[in-house]
Amino acid sequence: MIQVASERNRICLEKGRLFVGYLLAGYPQKHSFLDILSSCESAGLDVFEIGFPSRNPAGDGEIIRKAHEQTDLSLQTDLSYWKLIRSIVRKPIWIMGYDKDLIDSGFYKLLAENSLADALVIPDISFEKRLSLLEELRPMGVDVLGFITPDMSREEQERCFDAFSLIYQQLYSGPTGMAVKAEGFEEILTRAKKHDLRVFAGFGITSSERASELLDIGFDGVIIGTAMVSRLNLSREDLEAFVKDLYETVGKRR
């Protein structure tokens, strides 16, 4: 198993029971987004999963897709803005983007070379391309998350467990934000934990109660996206209260 490359990730992982929250870069506005980052960090967010703006966020559900539609796409090449994000956030930053926007454009290299990301979360690439990215970015202190989905074969899952130190385990297959009763993921988690790695549950997590359930059965962290954006759509105060509730529920049991 390849060791965690990012020092920020290594320090954060020592705490356990991590809350990873998704926010889309520049949403709802470029300048207010920076204040939102500070608020979420103060409220207790452990890891920031920051979405890279996209014209075609194919793997996301309606709420996050609409957020992409309202976001300034010039941020795809605005390195100074990403430097501002890094200067504000002390916690790990995982940049979630799509292959065409972030990887094929080559912008990921600038982010890595300038120490602006602690990990990349790229859902729409092959295992081979993801592994190649990991090998390229590890010397720069950047991790790449492996992906596990319920419809992958056992052989594919085991290959991922052997190659990646950080795993994003989707609780169901399909777009984010679906109202799905996920089942059968515990057997996958049990096999994953036989390896020396950390597993993060994602998709369909909407409450602190559900987050705690997943952490109690052995996940190292939970990744919450659609629920974060939904709260932000109500108000910055609603988002901050949501993060505080999760931190108090998750963090107090470390």
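Calculation rules
- Residues numbered from 1 in each chain as written.
- Predicted model: local features only at pLDDT ≥ 70, side-chain atom pairs only at ≥ 80, totals over all residues.
- Heavy atoms only, no water.
- Helix = DSSP H or I, 4+ residues; strand = E, 2+ residues; numbered from the N terminus.
- Rg over C-alpha atoms; globule rule 2.2 N^0.38 Å.
- Buried < 20%, exposed > 50% of the residue type's maximum accessible area, 1.4 Å probe, protein only.
- Contact = heavy atoms within 4.5 Å.
- Lys, Arg positive; Asp, Glu negative; His and termini not counted.
- Charge placed at Lys NZ, Arg CZ, Asp CG, Glu CD.
- Salt bridge = Lys/Arg side-chain N within 4 Å of Asp/Glu carboxyl O.
- Polar contact = N/O pair within 3.5 Å; in protein donor to acceptor, adjacent residues only side chain to side chain.
- Axes fitted to C-alpha atoms, helices over the stretch in contact; angles between N-to-C directions.
- Parallel < 35°, antiparallel > 145°, perpendicular 65-115°, else oblique.
- Left-handed = near helix turned anticlockwise from the far one by under 90°.
- Nonpolar A, V, L, I, M, F, W, Y, C, P; charged D, E, K, R; others polar.

Honestly, the overall build of the protein in this entry has me stumped. Any pointers?
Check the secondary structure of the protein and you find 12 helices and 9 strands. For 254 residues, the compact-globule estimate of 2.2 N^0.38 gives 18 Å, and the C-alpha radius of gyration of the protein, at 17 Å, lies within 12% of that figure. In terms of overall dimensions, the protein has a C-alpha envelope of 45 × 40 × 35 Å along the principal axes. Burial analysis of the protein (254 residues in total) assigns 56% to the buried set. For the protein, long-range pairs separated by at least 24 residues make up 71% of all intrachain contacts whose partners lie at least 6 apart in sequence. Between the mean site of the 31 positive side-chain charges and the mean site of the 39 negative ones, the protein shows a separation of 3 Å.

Help me understand the side chain of Asp143, please; the structure alone is not making it clear to me.
Take Asp143: it is sitting in strand 5 (residues 143-144). Of the side chains bearing the opposite charge, Arg138 lies closest to the buried Asp143, which forms no salt bridge; the N-O distance is 5.6 Å. Separated by 3.1 Å, the side chain of Asp143 and the backbone nitrogen of Ser6 make a polar contact. At a separation of 2.9 Å, a polar atom in the side chain of Asp143 contacts the side chain of Asn9. Residues within four places of Asp143 in sequence aside, it is in contact with Gln3, Val4, Ala5, Ser6, Asn9, Asp118, Ala119, Leu120, Ser165 and Leu166.

Mind showing me how you'd approach helix 8 (residues 154-163) here?
Spacing of three or four residues puts side chains on the same side of an α-helix, whose turn is 3.6 residues. Along helix 8, the residues that are buried comprise Gln157, Cys160, Phe161 and Ala163. Residues of helix 8 that are buried sit in contact with helix 7 (127-137), strand 6 (146-148), strand 7 (166-170) and helix 9 (185-192).

In this structure, what is going on with the pattern of salt bridges? I would like to understand it.
Where charged atoms from two side chains of opposite charge approach closely, those side chains can pair. Using the criterion set out here, one finds 16 salt bridges in the structure. In this structure, Lys15 and Asp46 form a salt bridge, with 2.9 Å as the shortest nitrogen-oxygen distance. Remark: Asp46 occurs in the loop between helix 2 (30-43) and strand 2 (47-51) and Lys15 occurs in the loop between helix 1 (7-13) and strand 1 (18-24); sequence separation between them is 31 residues. Classification of Lys15 as partly exposed rests on a relative accessible area of 38%. When its relative accessible area of 1% is taken as the criterion, Asp46 is described as buried. Of the charged contacts in the structure, one is a salt bridge between Arg159 and Glu128, with a shortest N-O distance of 3.2 Å. Here the residue Arg159 occupies a position in helix 8, and Glu128 occupies one in helix 7, the gap between them amounting to 31 residues. Of the residues examined, Glu128 reaches a relative accessible area of 47% and is grouped as partly exposed. Among the ionic contacts, a cluster of salt bridges with common partners joins Arg154, Glu158, Glu187 and Arg191.

Whenever I open this one, the packing of helix 2 against helix 4 (residues 79-88) confuses me. Can you help?
For any two helices packed against each other, the geometry is given by the interaxial angle and the distance between the axes. Between helix 2 and helix 4, whose axes approach to 10 Å, the crossing angle comes to 20 degrees. In terms of axis orientation, helix 2 runs roughly parallel to helix 4. Pair helix 2 / helix 4 crosses with right-handed handedness. For the pair helix 2 and helix 4, the contacting residues are Lys30, Phe33, Leu34, Leu37, Ser38 and Glu41 in the first and Tyr81, Leu84, Ile85 and Ile88 in the second. Broken down by class, the residue content of the contact of helix 2 with helix 4 amounts to 7 nonpolar, 1 polar and 2 charged.

Whenever I open this one, the side chain of Asp220 confuses me. Can you help?
Here Asp220 is to be found in the loop between helix 10 (208-216) and strand 9 (221-224). A residue is classified by how much of its surface remains accessible, and Asp220, at 15% relative accessible area, is buried. A distance of 2.7 Å separates polar atoms of two side chains, one belonging to Asp220 and the other to Lys193. With near-sequence residues (within four places) excluded, Asp220 lies in contact with Gly16, Arg17, Leu18, Lys193, Leu197, Arg198, Val199, Phe200 and Leu215.

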